[in-house]
Amino acid sequence: MGSSAPSRVLVVGLGRSGLAAARLAAHDGSEVCATDLRSERDLGEVLRELPEGTRRYLGGHPSSALDGIGLVVCSPGVAPSAPILADARRRDIPVVTEVEFAWRHRTDRPMVAVTGSNGKSTVTVLVAAMLSESGVTAAAGGNLGTAACELVLTGGWDCWVLEISSFQAELLTEMRPSVGVFLNLSQDHLERHPDITSYLAAKRRLFSFQTSRDAAVLNADDAAVSETPSRARRLLFSLERSADAWLDGELLRLGDQILTERSKCSLGGIHNVTNGLAAALAAVELGATTEGVARTLETFRGLSHRHLTVFEQNEVRWVDDSKATNVGATIAALRGYPERSVHLILGGQAKGQDFEAMIPEVKRSAARVYVIGIDGPSIAAVLADAAPIEDCGTLEEAVMRARREARPGQWVLLAPACASFDQFSGFAQRGEKFAALAREEGARCP
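Just so it is clear, the structure is predicted and the values come from calculations on it, not from any experiment. (Residues numbered from 1 in each chain as written. Predicted model: local features only at pLDDT ≥ 70, side-chain atom pairs only at ≥ 80, totals over all residues. Heavy atoms only, no water.)

Asker: What exactly am I supposed to notice about the packing of aromatic side chains here?
Answerer: Note on aromatic pairs: each is described by the distance of the centres and the angle between the planes. Applying the stated criterion across every chain yields a total of four aromatic pairs. Each ring, one from Phe-182 and one from Phe-207, has its centre 6.1 Å from the other, and the planes form 20°; the classification is stacked. A residue pair is termed long-range when its members are at least 10 positions apart, and Phe-182 in strand β9 (residues 179–182) and Phe-207 in the loop between α8 (196–204) and β10 (215–219) qualify at 25 residues. On the accessibility criterion, Phe-182 (0% relative accessible area) is buried. Take Phe-207: its relative accessible area is 1%, and that puts it in the buried class. Here the aromatic rings of Trp-318 and Phe-434 are separated by 6.0 Å at their centres, their planes lie at 45°, and the arrangement is tilted. Of this pair, Trp-318 sits in strand β16 (residues 316–320) while Phe-434 is found in helix α16 (residues 427–444), placing the two residues 116 residues apart along the sequence. Across the ring face of Trp-157, the terminal group of Arg-106 is positioned such that the distance to the ring centre comes to 5.6 Å. (Phe/Tyr/Trp six-rings, centres within 6.5 Å; stacked < 30°, edge-to-face > 60°. Helix = DSSP H or I, 4+ residues; strand = E, 2+ residues; numbered from the N terminus. Buried < 20%, exposed > 50% of the residue type's maximum accessible area, 1.4 Å probe, protein only. Lys NZ or Arg CZ within 6 Å of the ring centre and 35° of its normal.)

Asker: It is not clear to me how the pairing of strand β1 (residues 8–12) should be interpreted in this structure. Could you clarify?
Answerer: Burial analysis of β1 places five of its five residues in the buried class, which makes it a mostly covered element. Burial along β1 is two-sided: the face carrying Arg-8, Leu-10 and Val-12 and the face carrying Val-9 and Val-11 are both buried. Where β1 meets strand β2 (residues 31–36), five bridges bridge the pair, whose relative direction is parallel. Residue pairing in the sheet places Val-11 in a bridge with Ala-34 of β2. (Pairing = 2+ DSSP bridges.)

Asker: When you look at the packing of helix α5 (residues 120–133) against helix α11 (residues 290–299) in this model, what are you seeing that I'm missing?
Answerer: A packed helix pair is summarised by two numbers, namely the angle formed by the two axes and the spacing between the axes. In contact at an axis separation of 8 Å, α5 and α11 are set at 130° when each is read in the N-to-C sense. Between α5 and α11, the crossing angle belongs to the class labelled oblique. Read as a crossing pair, α5 and α11 show a hand that is right-handed. Together, Leu-126, Ala-129, Met-130 and Glu-133 of α5 and Gly-292, Val-293, Arg-295, Thr-296 and Leu-297 of α11 make up the contact between the two elements. Of the residues contributing to the contact of α5 with α11, the split by class is five nonpolar, two polar and two charged. (Axes fitted to C-alpha atoms, helices over the stretch in contact; angles between N-to-C directions. Parallel < 35°, antiparallel > 145°, perpendicular 65-115°, else oblique. Left-handed = near helix turned anticlockwise from the far one by under 90°. Contact = heavy atoms within 4.5 Å. Nonpolar A, V, L, I, M, F, W, Y, C, P; charged D, E, K, R; others polar.)

Asker: How do you make sense of the sheet that holds strand β19 (residues 389–393) when you look at a structure like this?
Answerer: Two modes of strand pairing occur in sheets, parallel and antiparallel, and in both the strands are linked by backbone hydrogen bonds. Reading across the sheet, the six strands line up as β15-β16-β20-β17-β18-β19 and stay open at both edges, with mixed pairing between neighbours. Strands with a single pairing partner mark the edges of an open sheet, and in this sheet they are β15 (308–313) and β19. Neighbour-to-neighbour, the strand axes of this sheet turn through a mean angle of 20°, independent of strand direction. One ladder, built from four bridges, connects strand β18 (residues 366–372) with β19; its direction is parallel. Bridging across to β19, Val-369 finds its partner in Ile-389. Against the sheet, helix α15 (residues 395–405) engages β15, β16, β17 (342–347), β18, β19 and β20 (411–414), with an angle of about 145° to β19.

Asker: Which parts of the structure should I look at to understand the nonpolar core?
Answerer: Where a protein is soluble and globular, its nonpolar side chains tend to be buried together. In terms of nonpolar packing, the biggest core is built from 46 residues, with Leu-14, Phe-101, Trp-160, Leu-162, Ile-164 and Met-175 touching the most fellow members. Ranked by residue count, the leading element in this core is helix α1 (residues 16–28), at six residues. Apart from residues no more than four positions distant in its own chain, Met-175 is found in contact with Val-99, Glu-100, Trp-103, Met-111, Ile-164, Leu-206 and Phe-209. One finds Val-123, Met-130, Val-181 and Val-273 within the second-largest nonpolar core, a separate group that totals 40 residues. (Core = buried A, V, L, I, M, F, W, Y, C linked by side-chain atoms within 4.5 Å.)

If you want it as structure tokens, here you go:
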């Protein structure tokens, strides 16, 4: 932004993204103000990460924080309906998300932006790995890992690959990714979006500012996704039919080229075949070679807490898919298993989802279901006729009972379809606890 940087910037929300935005604004030479609902005591050491001289408004978002402000940068956790943002609009103060603030600084570098209900993190890292394997320096971040503004400050890359959540996409005003990727749509974040239609509209906004020079990579097997409006070139991926990238029996194809065989892919599950095809299309658009794409598909072992085997004993495999925090993600995970072979651990905070959509796949794949967390009992009531269900309350109890019931050749799968904050600090802590409990149970019962 350089010389055109606003003289005073207000950052709303001091999470990871907000702190990075504050540092980037200070780097521009802007006077930085920051506001957060948390108090100084609650924020503690976080405040040390703010630029020196930052004017702070803590414990709320007072209207006075907007006085003299030329630009508001909001963190993804701040809802568009927040009074401070509404007040900014009434005053004709521009409001942008942290990711768009970052993009404005590096519009000269091609961007891949990945959205969808499930698989975003995996595809983001896959694309960056495919590019790197092909000799293209790529940075990965956004909703995953490093904030977009932090990537700008760090520099040293030729292109960037960002995971974009609906929270980040819904307020975009001009951001134009060179390649936009829309993986899938299922119920999620209905505690923030009033309905699935609003959730879809937020996702689709990522493609609103693309032009014919850009590419929209879309899932041909998901009607809501494939019908996304865009002026960009449309590139489709599919498990079911011939497309720009598709699964031909056991072969992953990119156009008329064979990338690799499904059996050679390191990532398990049919949903990861879909992820691999989407990533391949996006990476090739930014210069990845088919050889680099194929090598990545055959060697990339996945991200933590995303369908990874964490323990195996007596021919029972324990799989951590704690990042499956919505119904769609759990259904996708179950599709890769034989009939009546899975001991499924479900539950936590349901986020207003409808669990009836899970009934067919649970009925097919689950040997037994163990529900945990605050919404476990209501989930059990919905799935009561789909499989034998045990209301366990805690993850410890669920693991103990699954250890007792699982037979050789079966799987114990943590794919909760729920947020974790009723019992854990996040999905990572939940997954780590699951892995530790599995090993402890195994040590007690060799």
